[in-house]
Amino acid sequence: MPEQVKAGERVLRGIPVSPGVCRGRLLVLGRREEGPPLRKEIPPSDVPREIERLEQALVATRRQILGVQRQVSEGLGASEASIFDAHLLLLEDPVVIDEVTRLIEKEHVAADYAFQVAADKFSRALSAIDDEYLRERATDMRDVAGRVLNNLRGEADHVDLARIEEPCIVVSHD
């Protein structure tokens, strides 16, 4: 039987994180725009500056992830916070960092373009693997990449969940 939906209402289907029924204000987290990154070429003389920008963004992202991990550990416990260990490992993955650095040095492109290209490449590769655990790392890669790109571009997260002032139901793609 088809569902009746009143004008202005939307039906959202998904996998709940916790059991039960609740009612409240929704906070819908959108999916980051995906598509080909805009190629930004740089003069060869700017290569060292772009590598420095990359290193600063990686340090800032590491600090952010450690902060979130600490908050989760204090609020929910160390075992729940351990999920961020995978994020930290991806952030420090020499294969990813070497690929980004190679793109900056050889193709003379901006760090954010190089990082997005490399992260997309590795995310697609992880998504194609048969092993479910490794496929889930593609989601981790996208999250880490979004944080690094925000830091490279000087952008804040679209929604700072730490600053929510009232109880709400969070709906997200992942």
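As a reminder, the structure under discussion sits directly above these lines.
Residues numbered from 1 in each chain as written. Predicted model: local features only at pLDDT ≥ 70, side-chain atom pairs only at ≥ 80, totals over all residues. Heavy atoms only, no water.

Draft legend 1. Local environment of the packing of aromatic side chains. If you walk through the whole model with that rule in mind, you get zero aromatic pairs. In this structure, R137 packs its charged tip against the face of Y133, placed 4.3 Å from the ring centre. (Phe/Tyr/Trp six-rings, centres within 6.5 Å; stacked < 30°, edge-to-face > 60°. Lys NZ or Arg CZ within 6 Å of the ring centre and 35° of its normal.)

Draft legend 2. Representation of the packing of helix 1 (residues 47-76) against helix 5 (residues 111-127) within the structure. Direction vectors running N to C along helix 1 and helix 5 enclose 60 degrees, while the axes themselves pass 9 Å from each other. Here helix 1 lies oblique to helix 5, going by the angle between them. Packed against helix 1, whose contacting residues are E50, R53, L54 and L58, the element helix 5 presents A111, D112 and F115 at the interface. (Axes fitted to C-alpha atoms, helices over the stretch in contact; angles between N-to-C directions. Helix = DSSP H or I, 4+ residues; strand = E, 2+ residues; numbered from the N terminus. Parallel < 35°, antiparallel > 145°, perpendicular 65-115°, else oblique. Contact = heavy atoms within 4.5 Å.)

Draft legend 3. Region of the structure containing helix 6 (residues 132-153). Counted at 1.5 Å a residue, the expected span for helix 6 with its 22 residues is 32 Å, and the 32 Å between its end C-alpha atoms agrees. Along helix 6, the residues classified as buried are R137, A138, D140, M141, V144, A145, G146, R147, V148, L149, N150 and L152. Taken together, the buried residues of helix 6 touch helix 1, helix 3 (83-91), helix 4 (94-107) and helix 5. Structurally, the start of helix 6 carries an N-cap: the backbone nitrogen of Y133 is 3.0 Å from a side-chain oxygen of D131. (Expected span 1.5 Å × (residues − 1). Buried < 20%, exposed > 50% of the residue type's maximum accessible area, 1.4 Å probe, protein only. Polar contact = N/O pair within 3.5 Å; in protein donor to acceptor, adjacent residues only side chain to side chain.)

Draft legend 4. How the structure looks around the pattern of salt bridges. Inspection of the entire model under this criterion finds 13 salt bridges. Of the charged contacts, one joins D112 and K40 as a salt bridge, the two residues approaching to 2.5 Å between their closest N and O atoms. Taken as a pair, D112 in helix 5 and K40 in the loop between strand 1 (26-29) and helix 1 lie far apart in primary sequence, 72 residues in all. Look at K40 and you get partly exposed, because its relative accessible area is 38%. Among the ionic pairs, E50 bridges to R49, the shortest N-O distance being 3.3 Å. A network of salt bridges, in which partner residues are shared, links R39, E41 and E107. (Salt bridge = Lys/Arg side-chain N within 4 Å of Asp/Glu carboxyl O.)

Draft legend 5. The arrangement of the packing of helix 3 against helix 6 in detail. Contact geometry for helix 3 and helix 6: axes closest at 9 Å, N-to-C directions at 65 degrees. Crossing geometry of helix 3 relative to helix 6 is assigned as right-handed. Contact residues: I83, A86, H87, L90 and L91 in helix 3; R137, D140, M141, D143, V144 and V148 in helix 6. Taken together, the residues of the contact of helix 3 with helix 6 break down into seven nonpolar, one polar and three charged. (Left-handed = near helix turned anticlockwise from the far one by under 90°. Nonpolar A, V, L, I, M, F, W, Y, C, P; charged D, E, K, R; others polar.)

These results come straight from atomic positions and should not be treated as a statement about function.
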